[in-house]
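# A closer look at the structure
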Amino acid sequence: MRSKKFIIVYAIAIFLIVVLITVNAVCSVSQFEVTGETGSAFGEARVELVQNRLDEEYRGKSYLFFQEESVYDIVAQEGGGYLEVVSVQKHFPNKVSVRVHEKYETFAFEKDGKYYVIGDDGTVLAVKDENVSNIPGTNLEVVGFSFDIPSVGDVFTVDPACEDAYKSLQIFYAALQERGLSDNAIRLEYDSMGASDPNFNFSWFYVDTVEGVHFWIDNPGSRMSEKVKMALDIYDGLQEGQRTYGYISVMETGIGEGSTGQITASFSEDVPPIERA
């Protein structure tokens, strides 16, 4: 009787082993499909690195025991901070689909000879010795902001006194993108006199462009959307030759948050006051 039970238990064990081997053979990862919302050769190359790494390390491994965290780890390593996982989907019995999104460089904040490169998601993507972009060209160089030195991967923040100006910088850049002009602005200087005193807050953005014309926007922390629209409307109306000199100024009468003073915008062929000796 005991021998019969032993035979039955042994047979069940053999059966389970066979089933496990069969399932593992059928349900092993045979395909990784990594796709990305990329807009540069830089991003596409990193998507390919992620694809190759997943194939090398996990292809042929058990589908049932494959962990999504492995994808996040590899994307972080091979993407260098420039790729973000959008989704990971397992398709029974043997396929894993991964979708990633490329982060794009926008601003290069200069401090002590270093450039802290900020992505379109507001995080620090890189720290560089010169202002070069991961795609052809340069990022918008930004000077004059006070901030603590961040690490790569941090959400970029500025000192409290510069927070309104930082929001205005984002408004300005978004308006440039909307008109397809984000590559035209090459340097933005923020200057503020008495920023710590709300009763004496004279500040401005001074912007260099590829063509040569400048933008001078007074008190950027107030009604920036209106001001940048007026500045870009004038810019769009300039003849091509007029964009190589002079400056577009946007001024507001009255100061302080919530000002209801009048905003005026104009183009001058003169050298900007800020550059006069």
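Residues numbered from 1 in each chain as written. Predicted model: local features only at pLDDT ≥ 70, side-chain atom pairs only at ≥ 80, totals over all residues. Heavy atoms only, no water.

## Notes on the packing of helix α4 (residues 163–178) against helix α5 (residues 224–237)
How we decide: Geometry is summarised by axes, namely lines fitted to C-alpha atoms with helices restricted to the contacting stretch, and by angles between N-to-C directions that run from 0 to 180 degrees. By the criteria applied, helices consist of DSSP H or I runs no shorter than four residues and strands consist of E runs no shorter than two, each listed in order from the N terminus. Crossings are assigned a handedness: left-handed for a near helix turned anticlockwise from the far helix by less than a right angle, right-handed for a clockwise turn. The contact definition used throughout considers only heavy atoms, calling two residues in contact when any of these lie within 4.5 Å. For this scheme, ten residues count as nonpolar: Ala, Val, Leu, Ile, Met, Phe, Trp, Tyr, Cys and Pro. Four count as charged, namely Asp, Glu, Lys and Arg, and the remainder, Gly too, count as polar.
One can describe the packing of α4 onto α5 by two numbers: an axis separation of 9 Å at closest approach and a directional angle of 35 degrees. For the element pair α4 and α5, the recorded crossing hand is right-handed. When α4 is examined against α5, the residues Ser168, Ile171, Phe172, Ala175 and Leu176 are found in contact with a partner set consisting of Met224, Ser225, Val228 and Leu232. For the contact of α4 with α5, the per-class residue count stands at 7 nonpolar, 2 polar and no charged.

## Examining the nonpolar core
Note the threshold: What makes a nonpolar core is a set of buried Ala, Val, Leu, Ile, Met, Phe, Trp, Tyr and Cys residues whose side-chain atoms join them at distances within 4.5 Å. A 1.4 Å probe rolled over the protein chains alone gives each residue an accessible area, and that area as a share of the maximum for its type sets the label: buried under 20%, exposed over 50%, partly exposed in between.
With 37 residues, the main nonpolar core has Phe109, Phe145, Leu169, Leu188 and Phe205 as its most contacted residues. Of the residues forming this core, the biggest block, 7 residues, is contributed by α4. Residue contacts for leucine 188: discarding those within four places in its chain leaves Leu140, Glu141, Val142, Val143, Phe145, Leu169, Phe172, Phe205, Tyr206 and Val207.

## Here we look at the sheet that holds strand β2 (residues 83–91)
Basically, it comes down to this: Criterion used throughout: strands pair if DSSP finds at least two bridges between them.
The strand order β1-β3-β2 describes an open sheet built from 3 strands, whose pairing is mixed. Strands at the two margins of the open sheet, each flanked by one partner only, are β1 (31–37) and β2. Looking at each pair of strands side by side, their axes are set apart by 15 degrees on average, direction ignored. Running over the sheet, helix α2 (residues 41–58) touches β1, β2 and β3 (95–102) and is turned about 165 degrees from β1. Helix α3 (residues 68–79) rests against β2 and β3 of the sheet, and its axis sits at about 150 degrees to β2.

## Side note on the side chain of histidine 214
What counts here: Under this definition, polar contacts are N or O atom pairs within 3.5 Å; protein pairs additionally need one hydrogen-donor-capable and one acceptor-capable atom, and for neighbouring residues in sequence, both atoms have to be side-chain atoms.
Among the structural elements, histidine 214 can be located in strand β10 (residues 214–218). For histidine 214, a relative accessible area of 12% gives the class buried. Side chain to side chain, histidine 214 and tyrosine 206 meet in a polar contact 3.4 Å long. At 3.0 Å, the side chain of histidine 214 forms a polar contact with the side chain of aspartate 208.

## Concerning the pattern of salt bridges
To be explicit about the condition: Salt bridge, as applied in this entry: a Lys or Arg side-chain nitrogen positioned within 4 Å of an Asp or Glu carboxyl oxygen.
For the structure on display, the rule yields 15 salt bridges. With a closest N to O distance of 3.1 Å, arginine 223 and glutamate 226 form a salt bridge. When its relative accessible area of 39% is taken as the criterion, glutamate 226 is described as partly exposed. Across the pair glutamate 252 and lysine 227 runs a salt bridge whose closest N-O atoms are separated by 2.6 Å. Of this pair, glutamate 252 sits in strand β11 (residues 247–252) while lysine 227 sits in helix α5, placing them 25 residues apart in sequence. For the pair glutamate 252 and lysine 227, a shared accessibility class is recorded, and that class is buried.

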